[in-house]
Amino acid sequence: HRDLHSFPTRRSSDLKLELNDEDKKPTAVQIIVPEDILSLNSSFFLGLFDKSIQNLGVAKFEEKYHFVCTPLIQEDVEKGKKEAINTSSPLVPKR
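Note that the coordinates shown come from a computational prediction; the quantities given were computed from them, not determined experimentally.

1. Some thoughts on the pattern of salt bridges
Counting across every chain of the model gives three salt bridges. In this structure, Lys81 and Glu62 form a salt bridge, with 2.6 Å as the shortest nitrogen-oxygen distance. Of this pair, Lys81 sits in helix α3 (residues 71-88) while Glu62 is found in helix α2 (residues 42-64), placing the two residues 19 residues apart along the sequence. Residue classification places Lys81 among the buried residues on the basis of a relative accessible area of 7%. Residue classification places Glu62 among the partly exposed residues on the basis of a relative accessible area of 35%. By sharing partners, the salt bridges in this structure join Glu62, Glu78 and Lys81 into a single network.

About the criteria used
Residues numbered from 1 in each chain as written. Predicted model: local features only at pLDDT ≥ 70, side-chain atom pairs only at ≥ 80, totals over all residues. Heavy atoms only, no water. Salt bridge = Lys/Arg side-chain N within 4 Å of Asp/Glu carboxyl O. Helix = DSSP H or I, 4+ residues; strand = E, 2+ residues; numbered from the N terminus. Buried < 20%, exposed > 50% of the residue type's maximum accessible area, 1.4 Å probe, protein only.

Shape descriptors only; they carry no functional weight alone.
Following this line, the structure appears as structure tokens:
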């Protein structure tokens with residue numbers, strides 16, 4: 001598996017992680033969020049992972065991407081996954 005070792009402080013649109021390519025690879029990806037990060041903004045999470053969640057679905061996204069983080073960050077990850085599903089579902093009204 002491959003590790004993405006740190007969360008940058010730049011906007012997600014500036015990142016060159018090429019997650020669309022990563023989504024197609026068979027190996028799992030470990031995302032290590034440093035312990036001194038106190039929260040994960042939903043727009044940052046969605047900027048990075050929205051397309052991956054929509055393309056893979058939540059179950060396969062969870063198989064593919066493993067977050068190593070504090071419980072507070074894990075809560076933010078869970079909220080981000082739910083928001084990605086809610087904004088991509090045609091049955092859920094968009095805000």
